[in-house]
Amino acid sequence: MKITYYGQSCFGIEISGKHLVTDPFVTPNELAAHIDLLSIKADYILVSHGHQDHIHDLEALAKHTGATVVSSWEICTWAGTKGIEKVHPMNTGGKWQFDFGTVMCVTAQHSSSFPDGTYAGNPMGFVVWNDRECFYFAGDTALTMDMKLIPMLCPPLSCALLPIGDNFTMDVNQAIIASDFIKCKEIIGCHYDTFGFIKIDKEAAIKAFSAKDKNLRLVDIGSSIEF
Ligand code: NI
Ligand code: MN
């Protein structure tokens, strides 16, 4: 599994030979100015919720790549009105077998509306696995006891992509507790530094994780890591 960070909560994940992209938000992100949105490969785009910093580039990327959008019923319906042809609507608690593996939608404790204020369904996270690898993309979420269900319902996690920027989501210390709940020591941080409310001290964050014998990776935008 190869994971590339594109800033905010946007990742490219290569699993079972397919390209998954999460929460496309690249072109408005000054930190990702060196990323060419349309060079990102996507067979599937997983969308956690309707906020601008998660869907701004959804329409452009989905139309350019022809990817299938996997998200809530409400976001898939909205995508349809934008002319995105391939969608797979899901909701929290549900799972589906795709050609790259299984996707399970899990609770995210957050809110979800479109940039114009209309309802975008419930926010969600995703656990994705094949017979060798498993990752959790949390979306935007508070720390929630529901995370304890993940190791009960899913294979052991290879890594987890957790928000750590505070203000709108978990902070670093809550993400450390989350990593206990999900029984995963390999954490990739996201949803930090993009704008003023979520600036963090990266060095302190990495130290806080390593003090608890966990590994926080803060991947440079445009760089990849393998699991
Ligand atoms: Ni949000
Ligand atoms: Mn957000």
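Residues numbered from 1 in each chain as written. Chains lettered and ligands numbered in written order. Predicted model: local features only at pLDDT ≥ 70, side-chain atom pairs only at ≥ 80, totals over all residues. Heavy atoms only, no water.

## Here we look at the coordination of the nickel ion (ligand 1)
Phase 1: Protein-derived ligands of the nickel ion (ligand 1) are H49 (NE2), H51 (ND1), H110 (NE2) and D140 (OD), with the metal-ligand distances lying across 2.2 to 2.3 Å.
Phase 2: Classification of the site at the nickel ion (ligand 1) rests on its four donor atoms, whose angles at the metal span 89 to 177°, yielding the label irregular.
Phase 3: Linear spacing of the donor residues for the nickel ion (ligand 1) on their chain is H-x1-H-x58-H-x29-D.
Phase 4: For the pair the nickel ion (ligand 1) and the manganese ion (ligand 2), the metal-to-metal distance amounts to 3.1 Å, and D140 bridges them. Of this pair, H49 sits in the loop between β4 (44-46) and α1 (52-55) while D140 sits in the loop between β10 (134-137) and α4 (150-153); the two residues are 91 residues apart in sequence, bridging distant segments of the chain. Here H49 and D140 have matching classes, each one buried. (Donors = N, O, S within 2.8 Å, 3.2 Å for Na, K, Ca; no water. Tetrahedral: all angles 85-135°; square planar, octahedral: opposite > 155°, others 65-115°. Helix = DSSP H or I, 4+ residues; strand = E, 2+ residues; numbered from the N terminus. Buried < 20%, exposed > 50% of the residue type's maximum accessible area, 1.4 Å probe, protein only.)

## Some words on the coordination of the manganese ion (ligand 2)
By definition of the ideal shapes, four donors in a tetrahedron about a metal sit 109.5 degrees apart, and six donors in an octahedron sit 90 or 180 degrees apart.
Phase 1: Coordination of the manganese ion (ligand 2) by the protein comes from D53 (OD), H54 (NE2), D140 (OD) and H191 (NE2), over a distance range of 2.1 to 2.2 Å.
Phase 2: One chain supplies every donor for the manganese ion (ligand 2), spaced along it as D-H-x85-D-x50-H.

## Focus on helix α5 (residues 172-181)
Phase 1: Among the residues of α5, those classed as buried are V172, A175, I176, A178, S179 and F181.
Phase 2: In the core, the buried residues of α5 are packed alongside α4, β11 (159-163), β12 (186-190) and α6 (202-211).
Phase 3: The N-cap residue of α5 is D171: its side-chain oxygen and the backbone nitrogen of N173 are 3.2 Å apart.
Phase 4: One or two positions beyond α5, positive phi appears at K183, with a value near 55°. (Contact = heavy atoms within 4.5 Å. Polar contact = N/O pair within 3.5 Å; in protein donor to acceptor, adjacent residues only side chain to side chain.)

## A word on the packing of aromatic side chains
Phase 1: Inspection of every chain in the model, using the stated rule, returns eight aromatic pairs.
Phase 2: Between the aromatic rings of Y5 and F11, the centroid separation amounts to 4.9 Å while the plane-to-plane angle is 35°, which identifies the pairing as tilted. As far as the burial class goes, Y5 and F11 line up, both buried.
Phase 3: Aromatic pair F98 and F100: ring centres 5.4 Å apart, planes at 10°, arrangement stacked.
Phase 4: Taken together through their ring pairs, the aromatic side chains of Y5, F11 and F137 make up a single cluster. (Phe/Tyr/Trp six-rings, centres within 6.5 Å; stacked < 30°, edge-to-face > 60°.)

## As for the pairing of strand β3 (residues 18-22)
Phase 1: Across four bridges, the pairing between strand β2 (residues 11-15) and β3 is antiparallel. Across the sheet, residue I13 finds its bridge partner in β3, namely L20.
Phase 2: Here β2 folds back onto β3 in antiparallel fashion, the turn holding two residues, of which S16 has a positive phi close to 55°.
Phase 3: Strand direction decides the pairing type here: β3 and β4, joined by three bridges, are parallel. Among the inter-strand pairings, L20 is bridged to a residue of β4, identified as Y44. (Pairing = 2+ DSSP bridges.)

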